[in-house]
Amino acid sequence: MGYRIHPLASALAFAFSSSAIGQADPVGAVPILDDVVVSARKLQPVPVSSTVSPSSIEQMRAATSDTASLLRNLPGVSTYGAGGVSSLPVIRGLADDRIRIKVDGMDLIASCPNHMNPPLSYIDPTNVGTLRVYSGITPVSVGGDSIAGTIIAETLAPVFAAPGQDFLATGQVGGFYRSNGNAWGANIRATAATENISLTYTGSSAQADNYKAGGNFKTTTATGRAGHTLPLDEVGSTAYESLNQMLSVALKGGNHLVEAKFGFQHVPEQLYPNQRMDMLDNDQKTINLRYLGQYDWGQFEARAYYEKVDPHFMDFGPDKRFWYGPGAPPAGSGGDNAVNGSPCSPISGTRMVGGAMVGCAAGMPMYTKSSNTGVNVKADVNLDEQNLLRAGGLYQHYKLDDWWPPSGAMMWPGTFDNINDGTRDRLGLFGEWESRPNAQWLTLLGARYERVKTDAGTVRGYDPNTNGMGMMVNNQKKDAAAFNAQDRERTDNNWDLTALARYTPDANSDIEFGVARKVRSPNLYERYTWSTWSMAAVMNNLVGDGNGYFGNINLKPEQAHTVSATLDLHTADRRSELRITPYYTRVTDYIDAIRCPAGASCTPANRTTSNQFVVLQYANQSAELYGLDVSGRMPLASTGFGDFGLVGVLTYTHGENRDTGDSLYNIMPLNGKLTLTHTLGGWSSGIEFVAVAAKDDVSDVRNEIKTAGYGLINLRGSYARKQVQFDLGVENLFDRFYSLPLGGAYVGQGTTMAINPASGNPAWGTAVPGMGRSIYAGLSFKF
């Protein structure tokens, strides 16, 4: 693809002398990788987490409405493409539920067969106060039920009036606009407080239309809906709208703090370019209570929370075919061969008329509801000046129902139970000893036990009495009977162990090293989805690769053993630093996927094809991942025109299935970012260079799509003066076309219900492209 330079982009490029990495502070300010204080005695724990600084979060709020994308410049972290506010974070090749993600201390869980509502989608970037990542070897005090690491996201801390001040009223209002996709939004935060009471309201909204790629990437404009087409460079099903609100009350007295937070999210639309369905409604309500107290012996923290997701509703969005069924209208919609589904009258199932099969379905409604109740307690006990003990526990009860009402044709006459009365309960205890025997050494040893119990009720298909008809055999009756006959209750007893150490020979270097054993139990969709029918299976997809999946009751927990070391070279003030981290992880009972498991129906094409979407079952196998994370920064010059510096990140990950020799799915290829930063007074700006190698190591069992390498240039700038901050930037300055290595398969338009539609739309082989040039601006005012 050639470059296309817009005149406004050219003018902005001239104005920006340099641009900071999205999550990087200007040289001379707080470093990217802040040391995280987690103990009452302010010891620097092992390992140091990667932290997105508050100033970087503020600067990036105008550029993204997706909180997970705020992590994209941390070493070893990337994101799976998904909806506009719901990308899935990846740590060193391990993603989604393999990461423990805590939002204001709550262990949130995606309640969707496509994981369209992951934990970080429930916190808007404008309400993020702290965002940190523990990669690989994670202290047991922040880990559990995960093998990749931990992400901790917290909203802004409560604000109180200063001593002697009777009343404080403060807050912030802001808004943004992005040219590609016509995205815009606004946010507000308002606080009324005394010395001991703080009341805060936060609200935000964000919405966008479909975005455009840097060039044409498909061969058809058809969407499956007559009269509605998409340009060849428009990425279908990427529009979204999101609304978030929270009311927070905090009480402070002496060394004690009590908080209550009440949250509500409403997403009326979030479309997905790499899923067969779109999210057309999602409501979440949360109640979150916390106590934090400082005592002579240390610190104690307790939390209780309740989350309800209802409704979560999916169906075909405006860019995907809505009417389905064999035969000509009005009795049918035109069948799989039709480019566009013809509106027809939903009837009581598919039937034979004159020797031909006819039927009509009005979409494919899918509903999910869940409840999530949790209690966490933790104590930090000062044993003496050199030793700290952390101990705590948790209890979590999660309940899920996932059902698909009848809509006609093959989806008739009853309701399809995808997961019925699913439950997942966690009970955990941990102990952790941190010791500083002398000025050079810091050690940490920890053990964690978790009991994870899962179960699900009996299920039925749309028609519990048949396995389909004619050429449309779907085995609903057979599959449901086999599932219902099994004992579905499973209890896993999981042990995590961590041993870490840091050696500091002098003021300019640190060496961290350690080993860990981490265990994760399967989620409900991995264990309890049951239908091998391709149409049902493609609706159960957690990774956006266009394939269909069904579960495996007998899945075992994943057990990961990791060894890693970090060499940290830096100046005493950390204006210059270089961190190098090699790591190796071996996962026993890694949950991968297989085609045609024993006893399952399987077409010859599904068994052998290499250029179509397929149906797979989750299965335990063995895997290994290894790689290298490098990050650093250095000042270049301090002049009358400001301070200049460099910030860089380089990441390499290799993942392989040890049983089959196949590559693991969605492993980010070698990639790096280099940013020339500039600060002058209240102005900070920079030029970011992004380089990504070709993705040639792909998962053959999934027919994963390869992607070409690419390079991008982004511009960023921010000016702050007193209470006002103005942010301006350009993403993909030269409007370069590229495919997202972790974006999945493009199924954003067409006959998406069919796994491989005869109309050829969507067709296997097209990766979701990245966004073309986008100019953004944001303005915020503090009062």
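- Looking at an unreviewed UniProt entry, one finds the protein named TonB-dependent receptor, with Candidatus Propionivibrio dominans as its source organism.
- UniProt, in its Sequence similarities (unreviewed entry) section for the protein, records the words "Belongs to the TonB-dependent receptor family."
- We quote the UniProt Subcellular location (unreviewed entry) comment for the protein here in full: "Cell outer membrane".

Looking at the overall build of the protein
Then, in step 1: Check the secondary structure of the protein and you find six helices and 37 strands.
Then, in step 2: Rg of the C-alpha trace for the protein: 26 Å, near the compact-globule value of 28 Å for 783 residues, within the 12% margin.
Then, in step 3: Each of the 783 residues in the protein was classed as buried or not, and the buried ones make up 60%.
Then, in step 4: Nonlocal contacts in the protein, meaning residues at least 24 apart in sequence, comprise 71% of its contacts between residues at least 6 apart.
Then, in step 5: Carbon and sulfur atoms make up 59% of the accessible area of the protein, which totals about 28200 Å².
Then, in step 6: Charged side chains of the protein number 64 positive and 73 negative; the gap between the two group centres comes to 1 Å.

Comments concerning the packing of aromatic side chains
Then, in step 1: With the rule as written, the count across this model stands at 18 aromatic pairs.
Then, in step 2: Ring plane angle 85 degrees and centroid distance 5.1 Å describe the contact between Phe-217 and Tyr-746, whose orientation is recorded as edge-to-face. Separated by 529 residues along the polypeptide, Phe-217 in the loop between β11 (197-208) and β12 (240-253) and Tyr-746 in the loop between β36 (724-731) and β37 (774-782) bring together distant segments of the chain.
Then, in step 3: Owing to a relative accessible area of 13%, Phe-217 belongs among the buried residues under this scheme.

Considerations on unusual backbone geometry
Then, in step 1: Following Pro-329, the chain continues into Pro-330 via a peptide bond in cis, with omega recorded as 10 degrees.
Then, in step 2: Following Trp-412, the chain continues into Pro-413 via a peptide bond in cis, with omega recorded as 5 degrees.
Then, in step 3: In this fold, Pro-413 is placed in the loop between β21 (387-404) and β22 (416-435).
Then, in step 4: Its identity is not glycine, yet Asp-104 carries a phi of approximately 50 degrees, on the positive side.
Then, in step 5: Judged by relative accessible area, which is 8%, Asp-104 ranks as buried.

Some details on the nonpolar core
Then, in step 1: In this structure, Met-277, Met-364, Trp-404, Tyr-462, Met-539 and Met-753 are the most contacted members of the largest nonpolar core, which totals 56 residues.
Then, in step 2: Every element with two or more residues in this core is listed here: β21, β22, α3 (476-484), α4 (524-528), α5 (534-537), β28 (548-550), β30 (577-595) and β31 (615-639).
Then, in step 3: In contact with Met-277, not counting residues within four places along its chain, are Asn-114, Met-116, Tyr-272, Met-314, Asp-315, Phe-316, Lys-320, Met-364, Met-366 and Met-539.

Structural notes on the sheet that holds strand β2 (residues 77-80)
Within a beta sheet, neighbouring strands are joined by backbone hydrogen bonds and run either parallel or antiparallel to one another.
Then, in step 1: One open sheet holds the three strands; their spatial order is β2-β3-β4, and the pairing between them is antiparallel. With one partner strand each, in any of the chains shown, β2 and β4 (94-95) form the two edges of the open sheet.
Then, in step 2: Across two bridges, strand β3 (residues 88-91) lies against β4 in antiparallel orientation. By the bridge assignment, Ile-91 is partnered in β4 with Leu-94.

Structural notes on the pairing of β30
Then, in step 1: Bridge count between strand β29 (residues 558-570) and β30: 10 bridges; the pairing is antiparallel. Of the residues in β30, the one forming a bridge with Asp-568 is Arg-579.
Then, in step 2: Bridge analysis of β30 against β31 gives 17 bridges, and the strand direction is antiparallel. Residue pairing across strands places Ala-593 opposite Tyr-618, the latter belonging to β31.

Quick look at the environment of Gly-175
Then, in step 1: Mapped onto the elements of the fold, Gly-175 is located in strand β9 (residues 168-178).
Then, in step 2: By relative accessible area, Gly-175 is classed as partly exposed at 26%.
Then, in step 3: On a C-alpha basis, the gap between Gly-175 and Asp-401 in space is 37 Å, while along the polypeptide they are 226 residues apart.
Then, in step 4: If sequence neighbours within four positions are ignored, Gly-175 has contacts with Gly-185, Ala-186, Asn-187, Ala-777, Gly-778 and Leu-779.

What counts, and at which threshold
- Residues numbered from 1 in each chain as written.
- Predicted model: local features only at pLDDT ≥ 70, side-chain atom pairs only at ≥ 80, totals over all residues.
- Heavy atoms only, no water.
- UniProt positions renumbered as here; feature names shortened; annotations may be inferred.
- Helix = DSSP H or I, 4+ residues; strand = E, 2+ residues; numbered from the N terminus.
- Rg over C-alpha atoms; globule rule 2.2 N^0.38 Å.
- Buried < 20%, exposed > 50% of the residue type's maximum accessible area, 1.4 Å probe, protein only.
- Contact = heavy atoms within 4.5 Å.
- Areas by Shrake-Rupley, 256 points an atom, 1.4 Å probe, with all protein chains shown as cover.
- Lys, Arg positive; Asp, Glu negative; His and termini not counted.
- Charge placed at Lys NZ, Arg CZ, Asp CG, Glu CD.
- Phe/Tyr/Trp six-rings, centres within 6.5 Å; stacked < 30°, edge-to-face > 60°.
- Core = buried A, V, L, I, M, F, W, Y, C linked by side-chain atoms within 4.5 Å.
- Pairing = 2+ DSSP bridges.

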